Amino acid sequence: MNKPPSLLSLFLVLAALAVFGFIGAKYMLSSHKETTDQQLGLVWPGLAGMPEADRNFLVELAHTCNLTTREPVRTEVVDCLRSVKMTEEAKARLDRLIGQAPGGTAAQR
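The structure contained in this document is the topic of the report that follows.

Calculation rules
- Residues numbered from 1 in each chain as written.
- Predicted model: local features only at pLDDT ≥ 70, side-chain atom pairs only at ≥ 80, totals over all residues.
- Heavy atoms only, no water.
- Disulfide = S-S within 2.5 Å.
- Helix = DSSP H or I, 4+ residues; strand = E, 2+ residues; numbered from the N terminus.
- Buried < 20%, exposed > 50% of the residue type's maximum accessible area, 1.4 Å probe, protein only.
- Phe/Tyr/Trp six-rings, centres within 6.5 Å; stacked < 30°, edge-to-face > 60°.
- Lys NZ or Arg CZ within 6 Å of the ring centre and 35° of its normal.

**A look at the state of the cysteines**
- What the rule picks out here adds up to one disulfide.
- The residue that forms a disulfide with C65 is C80, at a sulfur-sulfur distance of 1.8 Å. Since a negative S-S torsion denotes a left-handed disulfide, the C65-C80 link at about 110° is right-handed. Placement of the pair is C65 in the loop between α2 (52–64) and α3 (74–82) and C80 in helix α3, with a sequence separation of 15 residues. In this structure, C65 and C80 share a single accessibility class: buried.

Listed below in structure tokens is the structure:
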């Protein structure tokens, strides 16, 4: 007759799965962050040196529009960010940031 698994073995399996899940999630989030930063860097090469509030604003827009699914091309990045439903104040802020970006012109608006 087969002996049922002990509580200790079940706990060890669950602990191993939890550790594996945590490490996997941490890796995926890190990879997603790098991809987002690289794509935003196409428009704002000095993204890391931007004021934190502006950088966080752009990252939030990037996550909302799912930027990592777009082609890593400047126009795609701008189009993605503009596709997010936002207030007029937020649109004006995005326009200001695009205008301040190297190569940012009114033609991209």
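Next comes the rest of the description.
**Comments concerning the packing of aromatic side chains**
- Counted under the stated rule, the structure contains zero aromatic pairs.
- When the ring centre of F57 is taken as origin, the NZ or CZ atom of R93, which lies over that ring, is 4.4 Å away.

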